[in-house]
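# Architecture and fold: a report
Residues per chain, in single letters:
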Amino acid sequence: MGEDRRLRAVVALAQGMAAAHSPRESWRAAALGARDALGGNFAALSVWERECGRLRVLANVGELTPDEEEFPTGEAYPVHQFPEITEFLHERWAGGGGPNAWVETASGTATGRAGYCHQRVAALRRRGRGCCVVAPVVLHGRAWGELYVARPPGEPVFDRADADFATVLASVVAAGIAQTERLEEARRLAFTDALTGLANRRAVDVCLEEAVERHRGEGAVVSLVVCDVNGLKKVNDTRGHAVGDRLLERFGSVLSLCGAMLPGALAARLGGDEFCLLAVGPDADAVVRVADELCRRAAELELGEGVACGVASTQDPIGPVLSARRLFRLADAAQYRAKAVRAGKPVVAGREGEGPEDPVVRLADAPPPEGAGERRRFRGRRS
């Protein structure tokens, strides 16, 4: 391969990873770019999970065998089967060597310094491949994993120049992975509440909009539980804000635990002493049962005075839900009513009357007082 072509291949690989919108897309772009750059018919990207002592495959691309998946969930190999991971990828660096790629064939090592690896040779034979080039991926000065590209029998065996080029490609992949990790961390911070580790209001807004779109397009049941931790101000005033934060953290843990009872539910802190659960799919009665359990567990917390909890579900008689804002208003109105009547159980929109006669629906759909904000327009009103 000429220098110009190799340069174009490196640029294409870097651009493919930069255009990825998720880690999976980034892994796939890395494997595809390497396969195309090296003229292989198969490629894989794997990560070394030190804590588990295994090499786990993240993505397979190209001509897959029946036992291979593009994004496998269980394809992993004990590290002791691949001694170069712990020996070649670490000890030789410590001794001043570089993380160079090597080539193996169905009959043994062709070029490089890793040495004969029975498991790799056996895998080449089992999957009908003729040769492979293996390139260590180094991230933050440590072995992160490996890039693997194979060719079928009858194709030219990778040579030393191919191995050197694979080393370059692995460094480009490492840079792309580092960028992906930074973006994922930024995304996580942007959608995570710093105190509790739950999702934040921004995450709820995004997910609720998507959920209501699914309801409108597919009829999916969407339910929202909004709750307000009672007694937080008293705890803050009498025992200090550090203790108040501990109350919020403990309730956040309870909310997360209860949310796990609803498959795929999002547990979030909206801000201050307000939290919510967003569930898409489970029926309304299941959500109400979980909300009831949430109230029971919250009442048993050492700090605070339980929670005021409101529920709104598109499966209940609350009228058409055409926007995320309306479902949020209904859940918030139900929570306000629960707080106003000091209810020990959740108040559910649409279950205290018919349609607009339901006090929660009536409160949610009433025009806001002059100058009141959307979110707090219920405060100070009685139904």
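The structure under discussion appears in the preceding block.
So, a few notes on the structure that sits alongside this text. For every chain, the first residue of the written sequence is number 1, and numbering continues from 1 onward in sequence order. Side-chain atom pairs in this predicted model are given and counted only at pLDDT of 80 or more, local residue features only at pLDDT of at least 70, and totals for whole chains, interfaces and linings cover all residues. Values shown for side chains rest on all heavy atoms present in the structure; no hydrogens or waters enter the calculation.

## Observations concerning the environment of Ala308
- Numbering of helices and strands runs from the N terminus; a helix is a DSSP stretch of H or I covering at least four residues, while a strand is a stretch of E covering at least two. Here Ala308 lies in strand S11 (residues 307-313).
- We call two residues in contact whenever any of their non-hydrogen atoms come within 4.5 Å of each other. Among residues more than four places away in sequence, those in contact with Ala308 are Val226, Cys227, Asp228, Asn230, Gln335, Ala338 and Lys339.

## Brief notes about the pattern of salt bridges
- A carboxyl oxygen of Asp or Glu within 4 Å of a side-chain nitrogen of Lys or Arg is what we treat as a salt bridge. Tallied over the full model, the rule gives 26 salt bridges.
- A salt bridge links Arg6 to Asp162, with the shortest nitrogen-to-oxygen separation between them at 3.6 Å. Of this pair, Arg6 sits in helix H1 (residues 3-18) while Asp162 sits in helix H5 (residues 160-190), and the two are 156 residues apart along the sequence.
- Judged by relative accessible area, which is 14%, Arg6 ranks as buried.
- Any residue under 20% of the maximum accessible area for its type is buried, any over 50% is exposed, and the rest in between are partly exposed; the area is computed with a 1.4 Å probe on protein chains only. For Asp162, a relative accessible area of 11% corresponds to the buried category.
- For Glu68, the salt bridge identified is with Arg129, shortest N-O distance 2.8 Å. Placement of Glu68 in the loop between strand S2 (54-62) and strand S3 (76-78) and of Arg129 in the loop between helix H4 (118-126) and strand S6 (131-139) is noted, with a sequence separation of 61 residues between them. Considered together, Glu68 and Arg129 belong to a single accessibility category, that of buried residues.
- Taken together, the salt bridges that share partners define one network made up of Asp67, Glu68, Glu75, Arg127 and Arg129.

## A look at helix H7 (residues 232-239)
- Burial in H7 covers these residues: Leu232, Val235 and Asn236. For H7, the buried positions fall inside an angular range of 95° around the axis, keeping them on one side. In H7, the exposed positions angled more than 90 degrees off the buried face are occupied by Lys233, Lys234, Asp237 and Thr238.
- Each element contacted by the buried residues of H7 is listed here: strand S8 (222-229) and helix H8 (241-259).
- Downstream of H7 by a residue or two, Gly240 has a phi angle that is positive, lying close to 100°. Picture the helix axis, draw a direction to every C-beta atom, and the arc is the one those directions span.

## Focus on the pairing of S2
- Only strands joined by at least two bridges in the DSSP assignment are considered to pair. Here strand S1 (residues 42-49) pairs with S2 via eight bridges, running antiparallel. Residue pairing in the sheet places Ser46 in a bridge with Val57 of S2.
- The antiparallel hairpin formed by S1 and S2 contains four residues in its connecting segment, where Gly53 sits at a positive phi of about 65°.
- Where S2 lies against S3, three bridges are found, and the strand directions are antiparallel. The partner of Arg56 across the bridge, within S3, is Ala76.

## Thoughts on the sheet that holds strand S12 (residues 347-348)
- Read across the open sheet, the five strands follow the order S9-S10-S8-S11-S12; overall the sheet is mixed. Either end of the sheet is taken by a strand with one partner, and the two such strands are strand S9 (266-271) and S12.
- Contacts from H8 reach S8, S9, strand S10 (274-280) and S11, with the element oriented near 10° to S10.
- Of the strands in this sheet, S8, S10, S11 and S12 are in contact with helix H9 (residues 284-299), which crosses S11 at around 175°. Here an axis means a line fitted to C-alpha atoms, over the contact stretch when the element is a helix, while the angle between two N-to-C directions is reported on a 0 to 180 degree scale.

## Some remarks on the side chain of Glu104
- If you trace the backbone, Glu104 turns up in strand S4 (residues 102-105).
- Residue Glu104 is classed as buried on the basis of its relative accessible area, which comes to 1%.

## So, the nonpolar core
- We define a nonpolar core as any set of buried Ala, Val, Leu, Ile, Met, Phe, Trp, Tyr and Cys residues linked to one another through side-chain atoms lying within 4.5 Å. By size, the foremost hydrophobic cluster in this structure holds 36 residues, and its most contacted members are Leu45 and Val133.
- Mapped onto this core, the elements with two or more residues apiece are H1, helix H2 (23-38), S1, S2, S6, strand S7 (142-151) and H5.
- Per-element accounting of this core gives the leading share, ten residues, to H5.
- Beyond its immediate stretch of four places on either side in the chain, Leu45 contacts Trp27, Ala30, Arg56, Val57, Leu58, Ala59, Val137, Trp144, Glu146, Leu147, Val173 and Ile177.

## Overview of the packing of aromatic side chains
- Only Phe, Tyr and Trp rings take part, Trp by its six-membered ring, and two of them pair if their centres are within 6.5 Å. Stacked means planes under 30 degrees apart, edge-to-face means over 60, and tilted covers everything else. Applying the stated criterion across every chain, the model contains two aromatic pairs.
- Summarising the aromatic geometry, the rings of Phe42 and Tyr148 are spaced 6.1 Å apart at their centres and angled 75° between planes, so their arrangement reads as edge-to-face. Placement of Phe42 in strand S1 and of Tyr148 in strand S7 is noted, with a sequence separation of 106 residues between them.
- With centroids separated by 4.9 Å and ring planes inclined at 75°, the aromatic side chains of Phe251 and Phe275 adopt a geometry described as edge-to-face.

## Thoughts on the side chain of Ser223
- With respect to the helices and strands, Ser223 occurs in strand S8.
- Polar contacts, as counted here, are pairs of nitrogen or oxygen atoms within 3.5 Å of one another; within protein the pair requires one atom able to donate a hydrogen and one able to accept it, and residues that are adjacent in sequence qualify only if both atoms are side-chain atoms. In terms of polar contacts, Ser223 uses its side chain to reach the side chain of Ser313, at 2.9 Å.
- What Ser223 contacts, discounting residues up to four positions off in sequence, is Leu277, Leu278, Ala279, Pro282, Ala284, Val287, Ala312 and Ser313.

## Brief notes about unusual backbone geometry
- Here Arg342, not a glycine, exhibits a phi torsion of approximately 55°, which is positive.
- Assignment of secondary structure puts Arg342 in the loop between helix H10 (324-340) and S12.

## Some points on the packing of helix H6 (residues 201-218) against H10
- Interhelical geometry of H6 versus H10 gives an angle of 115° and a closest axis separation of 9 Å. Packed against H6, whose contacting residues are Arg201, Val204, Leu208, Glu209 and Val212, the element H10 presents Ala324, Leu327 and Phe328 at the interface.
- By residue class, the composition of the contact of H6 with H10 is six nonpolar, no polar and two charged. Each residue is assigned to one class: nonpolar for Ala, Val, Leu, Ile, Met, Phe, Trp, Tyr, Cys and Pro, charged for Asp, Glu, Lys and Arg, and polar for all the others, Gly among them.

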